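A closer look at the structure
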Amino acid sequence: QRFQKAVAEGHYKILVNDARAQRLDAIGQRLASLARRPIPWTFTLVDTAEPNAACCGEGTVFVTTGLLKLNLDDDELAGVLAHEVVHGVRQHVDADYVEVARLQKAIQEYNTHLQRHGNETGETAEMRERYQANRLEQQLQQAYSYVRQKSAFSHAQESEADAMGMRLAISAGYKPDGITRALQKLLDQQVALYGEKSLLGSKTHPPLPKRIKRLREIQTRLGF
């Protein structure tokens, strides 16, 4: 549902009968078959110039045509997809939405209780319950705000997805440096387009040079 909403809001086109989409799905399914538990996975190609790949929740990954235009080979694409599969397997996306759902349920239960028993309780008790309901509503709005602002993942989650993604790609028979080379291609493109500010990270993603350096260290520790 989150993926469909993002596609609708961005007016993106999903490519289905496309050789690139078939290649994407084949590599993705190979990786997903080795993931934590057997659930259906979809790997979707979205037609937009922005180079990007993302996981919208366990089982749902999309890649843009802009990313494929970096001429990623199978090992590089597998490295990117393994990273996103790990995001899904570790439920990095869902944790935030689970908190929102929990608060929504609590508010609904409180409102139902007040409707049924409001007149049966004393004025002081009802005031306390309405105060609690308002407090839950405030927490819900804060959670909504956090989810909206946290458009991707935290630095810790990105690092985890990098490290575990490399191991997943290796277990599927792909070269360990695939994700490193993919990130280097992305970095080269970003520097060419936007200059040195591309070397900086963001609130959700560590700087690309830092990620590349760390991945090379992990590769060395793994004996590759």
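Provided above is the structure to which this section pertains.
Sequence order as written defines residue numbering, which begins from 1 separately in each chain. Selection of residues for local features in this predicted model requires a pLDDT of at least 70, selection of side-chain atom pairs for listing and counting requires 80 or more, and totals for whole chains, interfaces and linings are taken over all residues. Heavy atoms from the whole structure form the basis of all side-chain values; hydrogens and water molecules are not counted.

**Examining the sheet that holds strand S1 (residues 13–15)**
Heads up, the rule is: The criterion for strand pairing is that DSSP finds at least two bridges linking the strands in question. Per the convention used, a helix needs a DSSP run of H or I reaching at least four residues, while a strand needs a run of E reaching at least two, with both numbered from the N terminus. Each axis is a line fitted through C-alpha atoms, and for a helix only the stretch in contact is used; angles between axes span 0 to 180 degrees, taken between their N-to-C directions. Contacts were defined at the residue level, with two residues in contact if any of their heavy atoms lie within 4.5 Å.
In space, the four strands of this open sheet follow the order S1-S2-S4-S3, with mixed pairing throughout. Each end of this open sheet is capped by a strand with a single partner; those strands are S1 and strand S3 (53–57). Ignoring strand direction, the axes of neighbouring strands in this sheet form an average angle of 35°. In this sheet, strand S4 (residues 60–64) lies alongside S3 in antiparallel orientation, the contact comprising four bridges. By the bridge assignment for S4, alanine 53 is matched with valine 63. On top of the sheet, helix H2 (residues 19–32) reaches S1, strand S2 (42–47) and S4; it is set at about 150° to S2, its chief contact.

**Topic: the nonpolar core**
Rules: Nonpolar cores are built from buried Ala, Val, Leu, Ile, Met, Phe, Trp, Tyr and Cys residues. Side-chain atoms within 4.5 Å join them into one set. Three exposure classes are used, based on accessible area relative to the maximum for each residue type with a 1.4 Å probe and protein chains only: buried under 20%, partly exposed in between, and exposed over 50%.
Counting 42 residues, the largest nonpolar core has Leu31, Phe43 and Leu81 as the members making the most contacts within it. Among all residues touching phenylalanine 43, those that are not within four sequence positions of it are Leu24, Asp25, Gly28, Gln29, Ala32, Val61, Leu81 and Val85. The next biggest cluster of nonpolar side chains, apart from the first, holds six residues, and it includes Phe3, Val7, Val46 and Cys56.

**A short note on the packing of H2 against helix H4 (residues 74–89)**
The relative placement of two packed helices comes down to the angle between their axes together with the axis-to-axis distance. Selection rule: Angles below 35 degrees are treated as roughly parallel, those above 145 as roughly antiparallel, those between 65 and 115 as roughly perpendicular, and all remaining angles as oblique. Crossings are assigned a handedness: left-handed for a near helix turned anticlockwise from the far helix by less than a right angle, right-handed for a clockwise turn.
Contact geometry of H2 with H4 gives a least axis separation of 10 Å together with a crossing angle of 60°. Comparing their axes, H4 and H2 come out oblique. The handedness of the crossing between H2 and H4 is right-handed. Mapping the contact onto sequence places Arg23, Leu24, Ile27, Gly28 and Leu31 in H2 and Asp74, Leu77, Ala78, Leu81 and Ala82 in H4.

**Some points on the packing of aromatic side chains**
For any pair of aromatic rings, the description rests on two quantities: the centre-to-centre distance and the angle between the ring planes. This is how it is decided: In summary, the pairing rule links any two rings of Phe, Tyr or Trp, Trp by its six-membered ring, whose centres are within 6.5 Å, and it sorts them by plane angle into stacked for under 30 degrees, edge-to-face for over 60 and tilted for everything else. Only lysine NZ and arginine CZ atoms are considered, and such an atom sits over a ring when it is within 6 Å of the ring centre and within 35 degrees of the ring normal.
The final tally for this structure, using the stated rule, is one aromatic pair. The ring of tyrosine 174 has arginine 30 lying over it, and the distance from NZ or CZ to the ring centre is 4.3 Å.

**Some remarks on the pairing of S3**
Counted residue by residue, S3 has five buried out of five residues, so it is predominantly covered. Counted between consecutive antiparallel strands, the loop separating S3 from S4 contains two residues, among which glycine 59 sits at a positive phi close to 100°.

**Quick word on the pattern of salt bridges**
We apply this condition: Salt bridges are defined by distance alone: a side-chain nitrogen of Lys or Arg within 4 Å of a carboxyl oxygen of Asp or Glu.
This model, assessed by the stated rule, comprises 10 salt bridges. Two residues, glutamate 160 and arginine 90, come together in a salt bridge whose shortest N-O distance is 3.1 Å. With a gap of 70 residues between them, glutamate 160 in helix H7 (residues 155–171) and arginine 90 in the loop between H4 and helix H5 (94–117) connect regions that are remote in the sequence. Judged by its relative accessible area of 24%, glutamate 160 falls in the partly exposed class. The class of arginine 90 is partly exposed, set by a relative accessible area of 44%.

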